[in-house]
Every structure is written in structure tokens, then in C-alpha cells.
Amino acid sequence: METPGSQSSLHRANLERVVRAVRLAGSLTQAEIARTTGLSAATVSNIVRELKDGGTVEVTPTSAGGRRARSVSLSGDAGIVIGVDFGHTHLRVAVGNLAHQVLAEESEPLDVDASSTQGFDRAEQLVSRLIAATGVDRSKIAGVGLGVPGPIDLESGTLGSSAILPGWIGTRPAEEMRGRLGVPVHVDNDANLGALGEMVWGSGRGVRDLAYIKVASGVGAGLVISGKIYRGPGGTAGEIGHITLDESGPVCRCGNRGCLETFAAARYVLPLLQSSHGTDLTMEGVVRLARDGDPGCRRVIADVGRHIGSGVANLCNLLNPSRVVLGGDLAEAGELVLGPIRESVGRYAIPSAARQLSVLPGALGGRAEVLGALALALSEMGDSTLLDGTLHAATPAFT
């Protein structure tokens, strides 16, 4: 029994601070650990030595600022996390270790009209297949991050009514997958996970205030404020797709008129080109044709960029982020869409907010959400299990 305020409890707290800093970052030099935790360099050095001797962390030589340093990461065999991303037309699963290394990853098509039960069953099968492929013991599973294309009610854990998958409304994804896998499952919407993925591995690294804009079958934003995802009290923060641009515009699936989504999402944009390009056109195809010089596709993408920029300008005026990261298929258009976004931001945002903003394409492409699911699982797991050398044991339900 450790007495609060005792030397042993203080030492334990410092151990957990160091482990948490390394777990969230993936790897840090000892100097970075000291800055992140506020501990002295000598204390960090002693704690890292203790954690290394106990097999919790690995230390490798590196350089920082041209000087020799030591990089600290969690041991590769300390445990694993699983990321699951349900999209409008896909299911993607990844398995990673606690050192932020992806061990296995696979994606397969998902029928939008499939029932939630079918989707959860397929996710369970794909998770089981990847675990078997890695050869990692199932008792090493620390947790699962799960992404869905719609808002999650923070109190009940249910999927909201504006979800892209209509047959899934009212389901409790975390509860469903927890019952199948027998391990802790943490759920969030796909835009928030895209923001997490880009913040940990991609275009948002080193930035504490950013917005990740995902444009696909719908339009959503993952908001990072002071280094943390902001969800709002009900879990619906970031629904940028339902900012009104034109009160007399097209009717949106939310019931309002002229939402940003009706001017930017694939389901509304593709019909504009079907008479000239056929009914089989996809957003990926539009981007490819635009990059090849197709004038119609270039015009449509530029228009979409200007509309997105109007929404981003509203974000700038309200939250003043330092970076906006564009995800989804549209990001592959590069400057064809980023230029018009910046143009609208410059026109509609407060000048000081616009000057401070950088607009970049996502670095992770279609992997952003599943990597964000891994980051979610990593952020939610406890550090005491690592220090005690134990992880949640898998139940017989996980096969």
C-alpha cells in the first residue's frame, strides 16, 4: 500500500508520467521527455534506466539538433492495439504495437446497405485474421479504437442520426465490438480519428490547434484544441458540413437547405459531371481527370474548394486554428483544390486569423482514420498496466 505523498507514490507518479509521454508520442529523446513532463534531466535519466531494465521501454541512439541523443520508445512486445475504420464503402483494420509501429493492415469493400450486424461480424473476422498473421499473443491486446462515419453520443455511445450508414443509426458500436472481441473498445467519428492520425503521424505533427476536414460522401471536421480532440458535450462538434451557405440551396440529408455538404460532398458533386462524363464517375476519377487537365473536372473541384474555404473561414473566425489539413479523395487534387480554399479564407476570414493559417493536404491519405483509431486506443489505455507488466486478457469470445 502506497501512502499518498510518500516517496514511493511520487516515484510511481513520475514513472507513469514518463510512460504516458512516450506512449502518446511514439518516441522521444530524454531531453524531450524532460520538457514534456517537467521533470529534471537527472530524474528522467534515472526513470528511463529503470524502465529499460524492466523491459518497458527500448532506448536507441539517435541525433537531435546535430548532437548525439537517445531515443526512448515503448518496448515492441509490451502490447498491441487495434484500429478499425468503418467507411461509407470500406472496412479497414490495422494492428500496431505500443511503439507506434504498424504490424499489419488490410482493407476490404463494405456494402453501404449491409446491416450493422454484418459489418461488425466482418470487422471481427478481419481483426482475428490480422492478429493471427502477426503471431502476437491475444493477451497482449491493450485496446481497440473504432471509427464510424457519424456523430457518437458521448453519454449513450450510440451512433447519431446523421450517420452516412443509415442502417446503423442507433447502434452502439463500442459495445457491439467489445462483446465480440472481449477487450476495451473506444469509438469516435471518422473526422476526429483523421485529425488524430494526422496529428500523430502526418501533416499535423507538432501542431496543437488544427482542423482536419474530411470530404467524402459527407463533409466533417475533426477539431484539435490545445493538443486534444474537441468533441463538445454531446459529441457533435465539427459538423462543418452543415454550415449554411445558401438558405435557398439544395435540401440536405439533415433537413436544412444549402448546407456546405450539398456543395462539396461526392453525392452532390458527381451528378454535375454525369451528363458529360458518364454515371460511373467517382470522386477519385474526378480528381484524376482534373490533374490530367480536364476543364470540367477542374472547374468543379475549384468550386468545391471555394465552398470548403467559406466553411474554413468560419472556423478561423471562431477558433483561430494554426493549420487546416484536408483529407479524403479530394486532397489528392493538391493545389487545384487547396488554392481555392486559401482564396476563400483570405476573402472571408479575419485577416489576422487568415495570416496565421496554413492549409495542407493530409499526408496519410485513406489511412488517416484507421491510424487515428490506433492513436485513440493508445491514448485511452492506462499506464499502470504497462508498469505492472499485465494487459487485459482476451476472452474466449475473441477467436
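Residues numbered from 1 in each chain as written. Predicted model: local features only at pLDDT ≥ 70, side-chain atom pairs only at ≥ 80, totals over all residues. Heavy atoms only, no water.

As recorded by an unreviewed UniProt entry, the chain carries the name Transcriptional regulator and is attributed to Streptomyces resistomycificus. As its UniProt record puts it under Sequence similarities (unreviewed entry), the chain is described as follows: "Belongs to the ROK (NagC/XylR) family." (UniProt positions renumbered as here; feature names shortened; annotations may be inferred.)

A.B. asks: Would you take a moment to explain the sheet that holds strand E8 (residues 185-189) for this structure?
C.D. replies: What links the strands of a sheet is backbone hydrogen bonding, and the strands pair in either a parallel or an antiparallel sense. The strand order E6-E5-E4-E7-E8 describes an open sheet built from five strands, whose pairing is mixed. If you trace the sheet from one side to the other, it starts and ends with strand E6 (102-109) and E8, each paired once. Geometrically, the sheet is characterised by an average inter-axis angle of 15° between neighbouring strands, direction not taken into account. The pairing of strand E7 (residues 141-148) with E8 spans five bridges and is parallel. Bridging from a neighbouring strand, Gly-145 pairs with His-186 of E8. Helix H4 (residues 116-134) contacts strand E4 (80-86), strand E5 (90-97), E6 and E7 of the sheet and is inclined by roughly 145° relative to E6. (Pairing = 2+ DSSP bridges. Helix = DSSP H or I, 4+ residues; strand = E, 2+ residues; numbered from the N terminus. Axes fitted to C-alpha atoms, helices over the stretch in contact; angles between N-to-C directions. Contact = heavy atoms within 4.5 Å.)

A.B. asks: Please explain the domain arrangement of the chain as it appears in this structure.
C.D. replies: Interface size is commonly expressed as the accessible area that is lost once the parts come together. You can read the domains of the chain as domain 1 (9-75), domain 2 (80-195 + 369-381) and domain 3 (205-362). If you look at the interface, domain 1 gives seven residues, while domain 2 gives seven residues. Interface area, domain 1 with domain 2, both sides summed: about 550 Å², of which 55% is carbon and sulfur. Remark: the boundary between domain 1 and domain 2 carries zero salt bridges. Where domain 1 meets domain 2, there are four residue pairs in polar contact (both at pLDDT 80 or more). Contributing elements (two or more residues each) for the side of domain 1 that touches domain 2: helix H1 (7-25) and strand E3 (67-74). The element that contributes the greatest number of residues to the side of domain 1 that touches domain 2 is H1, accounting for four residues. Looking at the side of domain 1 that touches domain 2 residue by residue, the classes come out as three nonpolar, two polar and two charged. (Domains from an automatic or database assignment. Buried area = accessible area lost by both parts, 1.4 Å probe. Salt bridge = Lys/Arg side-chain N within 4 Å of Asp/Glu carboxyl O. Polar contact = N/O pair within 3.5 Å; in protein donor to acceptor, adjacent residues only side chain to side chain. Nonpolar A, V, L, I, M, F, W, Y, C, P; charged D, E, K, R; others polar.)

A.B. asks: Sorry, what's going on with the pattern of salt bridges here?
C.D. replies: Between side chains of opposite charge, pairing is possible as soon as their charged atoms come close. Per the counting criterion, the structure on display carries 17 salt bridges. One salt-bridge network, in which partners are shared between bridges, spans Glu-106, Glu-108, Arg-122 and Arg-129.

A.B. asks: When you look at the UniProt feature "domain: HTH marR-type" (unreviewed entry) in the chain in this model, what are you seeing that I'm missing?
C.D. replies: The positions that UniProt labels "domain: HTH marR-type" (unreviewed entry) are, in the present scheme, residues 18-68. For residues 18-68, the end-to-end C-alpha separation is 21 Å, with 57% helix and 25% strand making up the annotated structure.

A.B. asks: How should empty space enclosed by the protein be read in this particular structure?
C.D. replies: If you roll a probe as big as a water molecule over the atoms, it shows you where there is empty space left. In this structure the tally under the stated criterion is one cavity of 30 Å³ or more. Considering the residues around the largest cavity, the lining is formed by Asp-209, Leu-210, Ala-211, Leu-223, Val-224, Ile-225, Leu-315, Leu-319, Asn-320 and Pro-321. Residue assignment for the lining of the largest cavity shows that the elements contributing at least two residues are strand E9 (210-215), strand E10 (219-225) and helix H11 (295-319). Its residues placed into classes, the lining of the largest cavity shows eight nonpolar, one polar and one charged. (1 Å grid on protein atoms, 1.4 Å probe; cavity = no way out; pocket = protein on both sides within 12 Å on 5 of 7 lines; lining within 4 Å. Points joined across faces, edges and corners; volume = space filled by probe spheres on them.)

A.B. asks: How do you make sense of unusual backbone geometry when you look at a structure like this?
C.D. replies: Among all residues except glycine, the phi angle is most often negative; among peptide bonds, the trans geometry is most common. Look at Ser-226: it is not a glycine, yet its phi comes out positive at around 55°. Inspection of the secondary structure assignment puts Ser-226 in the loop between E10 and strand E11 (228-230). On the basis of relative accessible area, Ser-226 is assigned to the partly exposed category, the value being 42%. With a phi angle near 55°, Asn-320 is a residue other than glycine that sits in the positive phi range. You can see Asn-320 is positioned in the loop between H11 and strand E12 (323-327). (Buried < 20%, exposed > 50% of the residue type's maximum accessible area, 1.4 Å probe, protein only.)

A.B. asks: Help me understand the pairing of E4 in this model?
C.D. replies: Within E4, seven of the seven residues are buried, leaving the element largely enclosed by the surrounding structure. A two-sided burial pattern is seen for E4, the buried positions comprising Ile-80, Ile-82, Val-84 and Phe-86 on one face and Val-81, Gly-83 and Asp-85 on the other. Taken together, the seven bridges between E4 and E5 define a ladder with antiparallel strand orientation. Considered in E5, the bridge of Ile-80 is made with Asn-97. From the end of E4 to the start of E5, which pair antiparallel, there are three residues. As paired elements, E4 and E7 share six bridges and run parallel to each other. Within E7, the residue paired with Val-81 across the bridge is Gly-143.

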